[in-house]
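Architecture at a glance
Residues per chain are reported as follows:
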Number of protein chains: 2
Amino acid sequence: MGPTDLDQLLAGVADVVPEDGLQQKLALGRPLRVKLGIDPSRPDLHLGHAVVLRKLRLFQDLGHEVVLIIGDFTGRVGDPSGQSETRPFLTEEEIEANARSYFDQAGTVLDLEGVEIRRNSEWLRSLSMVEVLDLTSRVTVAQMLERDDFRQRFRSGRPISVVEFLYPLMQAMDSVAVRADVEMGGTDQTFNLLVGREIQRAHGQEPQVVFTMPLLEGTDGIRKMSKSYDNYVGLTEPAEEMFGKLMSIPDEVIGKYLLLCTDAGPEDVARVEAGLADGSLHPNDQKRGVARAIVDLYHGPGAGAHAQDRFDLVHRQREIPTDVPEVEIPVSAIRDGRVWLPRLLVETGLASSNAEARRLVGQGGVRLGGETLDDPEAELEPDAVRGKALQVGRRRFVRLV
Amino acid sequence: MGPTDLDQLLAGVADVVPEDGLQQKLALGRPLRVKLGIDPSRPDLHLGHAVVLRKLRLFQDLGHEVVLIIGDFTGRVGDPSGQSETRPFLTEEEIEANARSYFDQAGTVLDLEGVEIRRNSEWLRSLSMVEVLDLTSRVTVAQMLERDDFRQRFRSGRPISVVEFLYPLMQAMDSVAVRADVEMGGTDQTFNLLVGREIQRAHGQEPQVVFTMPLLEGTDGIRKMSKSYDNYVGLTEPAEEMFGKLMSIPDEVIGKYLLLCTDAGPEDVARVEAGLADGSLHPNDQKRGVARAIVDLYHGPGAGAHAQDRFDLVHRQREIPTDVPEVEIPVSAIRDGRVWLPRLLVETGLASSNAEARRLVGQGGVRLGGETLDDPEAELEPDAVRGKALQVGRRRFVRLV
C-alpha cells in the first residue's frame with residue numbers, strides 16, 4: 001500500500017496549525033479550498049517559492065481547489081514579512097505586470113487551468129471604515145509585535161509604519177473572502193496565517209488550517225533563498241545555469257534540497273542523508289543527482305543529464321591538466337559493445353589488476369569526466385567514455401579517445 | 001493699556017507648539033478656526049472640561065471661530081487617552097444622546113450660537129481603504145508608543161488594540177477636514193494634536209497650532225478631575241453641591257483653581273499664592289472665595305455667596321457648640337449703621353481692648369459664621385452678622401442675635 005494523501009501532503013511540511021487540522025479538513029470529504037497569497041512586489045520565482053507551489057500542486061493532484069490571491073491591493077502596501085524595512089508602494093500597473101510574470105513562472109509547477117485566481121482589490125478596495133475599525137479591534141499591538149520581523153525591527157529601533165499592521169489583517173480578510181480551508185505559506189508567513197484564523201472566526205467561519213513549508217536556504221546554504229541575496233535559482237533559468245548554481249550549494253543542504261525541491265520521498269532523503277553521514281555516499285555525486293533531478297523537473301526529463309555534461313565540459317575539465325596522455329579505448333576492455341571499467345583501468349595502466357581496479361573504485365578514487373564512479377563492475381557506453389578524462393586519485397589521468 | 005489678545009490667550013496655557021505659533025496665526029489678521037474635539041463617550045462635563053471651554057470662549061470673545069467636532073464616528077472606537085484599557089464601542093444612538101447632553105452643559109461656558117458644530121462621520125465614514133493606507137503610512141509604531149498612556153500600557157503588558165492606533169489618525173483627519181488653525185485640548189491630548197499637524201502637512205495644509213491647557217486636579221487634589229474618580233465638580237450641579245465640593249479641595253490647588261476656573265488674572269493668582277505662602281492669607285478664606293467665584297460663573301452673580309451661606313448653615317455651624325451664649329449686637333458697636341469689628345469683640349467680651357481685638361483679627365484668630373475675618377477695621381452689615389457665631393480661637397463663641 002502506498003502513502004496516504006495525508007502522508008504525502010505532510011511530507012516535508014514545517015508546521016500545521018492546529019496539529020490535526022488537515023486530517024479533520026480532509027475528513028470533510030469534499031475538495032478543500034487551499035489558498036496562497038501572492039506578493040506582486042516580487043515577480044521573480046525561484047526554488048524557494050517552488051517549495052510551496054509544489055505542495056500546492058500535490059493538493060491539486062489530489063483533487064483539491066487551489067485559490068491564488070494576487071495581492072494587487074495589498075501590493076500597494078508591500079509585505080514586510082522577513083524584510084527589515086518599510087517597503088514602497090507599487091503602482092497598479094507594476095502590480096499587473098508582475099502578476100503576469102508570476103503566472104508565467106508558476107505555470108512550470110502548477111496546473112494553472114484548474115486554479116482559481118482572485119485579486120484582493122475585489123473586496124479590500126471597498127472595505128468601509130467601519131469594517132476597518134472592527135478588523136483592527138481584533139488584534140493587539142503586543143500580538144502584532146510578536147511577529148518575528150516586527151519584533152526585531154522594533155527592538156533595534158528600526159521604523160515600523162502603522163500601515164504595516166494592516167497588512168496581516170488585510171491578508172486575513174482575503175481568507176474570509178475566499179472561505180479558505182487551508183492557507184499555505186513559508187514559515188515566515190505563520191503569523192499572518194494565524195491572524196487569518198482569528199478573523200475568519202470573527203466572521204463566523206470555520207478557521208483555516210495554517211500549513212507552512214520550511215524556508216529553503218539559498219545556494220550559499222546560509223540565508224533563505226532570495227533574489228536580493230543573489231543566492232537564488234530561478235524557475236525559468238536556462239538548464240545549465242540552474243545546474244551550475246545547484247552545484248554550488250554546500251553539502252549540508254543536499255538533503256534539504258532533495259526533500260523540498262525534487263520528487264524524492266522522505267525515505268529516499270533519509271537514505272541519502274545517512275549515506276552522506278557515514279561516508280558511504282559522496283557529497284559531490286549526490287549534489288549532481290539533486291541538480292539533475294531539479295533541472296529535469298523544470299526543463300523536462302534528460303535535461304538534467306545534458307546540463308551536467310555541458311557543465312562538466314565547461315567547468316570540470318578545467319581541473320584536468322592539459323598534458324594528459326591520450327589513450328584509445330582499448331578493444332580488450334570492451335565486452336558486448338560496452339566498456340568494462342576494471343579492465344579499462346588495467347589496460348590504460350591506471351591499475352595493476354582487476355582486483356586493484358575494483359578496490360580503487362570502491363574507495364571512491366576513480367573519476368570519469370570529473371564524476372566519481374561508484375560501481376566497480378560498471379559497463380559504460382563507449383560514447384559516454386570517449387573524450388573524457390579517466391582519473392585515479394588526484395594525479396593520475398588519461399584522456400580516452 | 002490692558003493685556004493684549006495674545007497675553008490673554010496664553011494665560012494659564014500648558015503648551016503651545018510651535019512656541020510662537022499662535023502669534024503667527026494671529027498675525028494673519030483673520031478669524032482663526034479653533035478646533036476642539038468632543039469625545040461623545042463622556043457626556044458629563046465638569047470643571048476640568050471647562051478649563052478648555054473657557055479658553056475657547058475667550059477665542060470667541062476675541063472674534064475667532066470655534067469649531068466643535070462631535071466624534072460620532074470615532075466614538076465607535078472610544079478615545080483611550082489617559083485611560084488604561086481599551087474601551088467599548090458606542091452605538092450611534094448613545095452618541096447622539098451624549099452629544100445633546102454635552103451641548104446642554106457646554107452652553108454654560110460657550111456661546112453656542114456662534115459655534116460651528118461638525119460630526120466627524122461626515123468625512124470619516126466614507127474614508128476609503130486607500131486613504132486609510134496612506135494615512136497609516138504617515139506614522140510609525142514607535143511614534144505611537146511614545147504617547148504616554150500607550151507607553152505605560154505597553155510596558156505593563158496591558159493590551160492596546162490596533163484600532164486605538166487609528167484614533168489619533170482619525171482625529172488628525174478631522175483637522176484636515178475643517179482646516180483647523182488651532183486645536184485645543186488638555187495636555188493628555190498633546191500627542192493626538194501633534195499627529196494632526198503631521199497629517200495636515202501631508203495634505204498640503206499649513207499645520208495647526210497645538211494649544212493645550214493644564215489638566216485640572218479633581219477635588220482630591222491628586223488625580224485629574226474625572227467622573228470615574230468621583231473627584232469632579234459638574235458644570236450643571238446645583239450651586240450648593242458645587243460650593244460644598246469646592247470647599248473640599250486641598251490648600252495646594254487653590255491657586256490652580258483660581259487660575260483655571262475663575263476670571264482671576266495671572267496677577268491675582270500670583271498675589272493669592274504669595275499670600276498663602278507667607279501666611280498673610282488664610283487658605284480657608286481663599287478657598288471660599290474661589291468657590292463663590294466659580295458658583296457665580298455657573299449660577300449667576302450672587303449665587304456663590306448664597307451657596308456659601310447655605311453651606312455654612314448646614315456644615316459649618318455643626319462645629320459650633322450648641323450652648324453658645326446668645327448676645328444682642330451691642331448698640332455701642334454700631335457706627336453709621338454698620339458694626340465695627342474691634343468694638344464688637346470688646347463689647348461681647350471676646351477681647352479686652354480694641355488693640356487686642358485688632359491683634360486677634362490680624363493673627364487670623366477671629367471668625368464669623370465660620371469664616372475667618374482678615375480686616376481688623378472691618379465694618380459689617382448688621383444683617384450679615386445677625387444669627388452668626390462670632391468666634392475667637394477654637395473655644396470662645398457668642399451667637400449674635
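Since the structure is predicted, the reported quantities are computational estimates derived from the model, not experimental observations.

Glancing now at the sheet that holds strand β11 (residues 371-372) of chain A. Residue and element names in this part refer to chain A. Spatially, β7-β14-β13-β10-β11 is the arrangement adopted by the five strands of the open sheet, whose pairing is mixed. Of all the strands in the sheet, just β7 (326-327) and β11 have a single pairing partner and so form its edges. Relative to strand β13 (residues 389-392), strand β10 (residues 366-368) is paired through three bridges, and the arrangement is antiparallel. When the bridges of β13 are listed, Val366 appears paired with Val392.

Our next topic: the relation of the copies chain B and chain A. Least-squares fitting of chain B to chain A yields an RMSD of 0.3 Å, with the superposition described by an axial translation of 0.2 Å and a rotation of 180°. A rotation of that kind, with that shift, is consistent with a two-fold axis. When the interface residues of chain B are mapped onto chain A, 100% of them are again interface residues, pointing to one common binding face.

Our next topic: unusual backbone geometry. All names here are of chain A. The linkage connecting Val17 with the following residue, Pro18, adopts the cis geometry, with an omega of -5°. Of note, Pro18 is situated in the loop between β1 (15-17) and α2 (21-26). Positive phi values are uncommon outside glycine, yet Asp336 reaches one of about 50°. Residue position: Asp336 is located in the loop between β8 (334-335) and β9 (338-340).

Tallied over the entire structure, the rule returns 61 salt bridges over all chains. Residues B:Asp44 and B:Lys227 are paired through a salt bridge, measuring 3.0 Å at the closest nitrogen-oxygen approach. You can see B:Asp44 sitting in the loop between β2 (33-38) and α3 (47-61) and its partner B:Lys227 sitting in the loop between β6 (209-213) and α11 (239-246), a full 183 residues away along the chain. Among the residues examined, B:Lys227 registers a relative accessible area of 46% and is labelled partly exposed. In the salt-bridge network here, residues are joined through shared partners; they are A:Arg33, A:Glu65, A:Glu116, A:Arg118 and A:Glu122.

The subject of this paragraph is the packing of aromatic side chains. This structure, assessed with the given rule, holds ten aromatic pairs over all chains. Here the aromatic rings of A:Tyr102 and A:Phe103 are separated by 5.8 Å at their centres, their planes lie at 80°, and the arrangement is edge-to-face. The exposure classification of A:Tyr102 matches that of A:Phe103, with both residues buried. With centroids separated by 5.7 Å and ring planes inclined at 80°, the aromatic side chains of A:Phe154 and B:Phe154 adopt a geometry described as edge-to-face. Taken together, the residues span two chains, with A:Phe154 in helix α8 (residues 148-155) and B:Phe154 in helix α8 (residues 148-155). These aromatic residues form a ring-pair network of at least three members: A:Phe150, A:Phe165, B:Phe150 and B:Phe165. Looking at A:Arg335, its charged tip hangs above the ring of A:Trp340, at a distance of 4.2 Å from the centre. Looking at B:Arg147, its charged tip hangs above the ring of B:Phe150, at a distance of 4.0 Å from the centre.

Conventions used here
- Residues numbered from 1 in each chain as written.
- Chains lettered and ligands numbered in written order.
- Predicted model: local features only at pLDDT ≥ 70, side-chain atom pairs only at ≥ 80, totals over all residues.
- Heavy atoms only, no water.
- Pairing = 2+ DSSP bridges.
- Helix = DSSP H or I, 4+ residues; strand = E, 2+ residues; numbered from the N terminus.
- Least-squares fit on C-alpha atoms with pLDDT ≥ 70 in both.
- Contact = heavy atoms within 4.5 Å.
- Salt bridge = Lys/Arg side-chain N within 4 Å of Asp/Glu carboxyl O.
- Buried < 20%, exposed > 50% of the residue type's maximum accessible area, 1.4 Å probe, protein only.
- Phe/Tyr/Trp six-rings, centres within 6.5 Å; stacked < 30°, edge-to-face > 60°.
- Lys NZ or Arg CZ within 6 Å of the ring centre and 35° of its normal.

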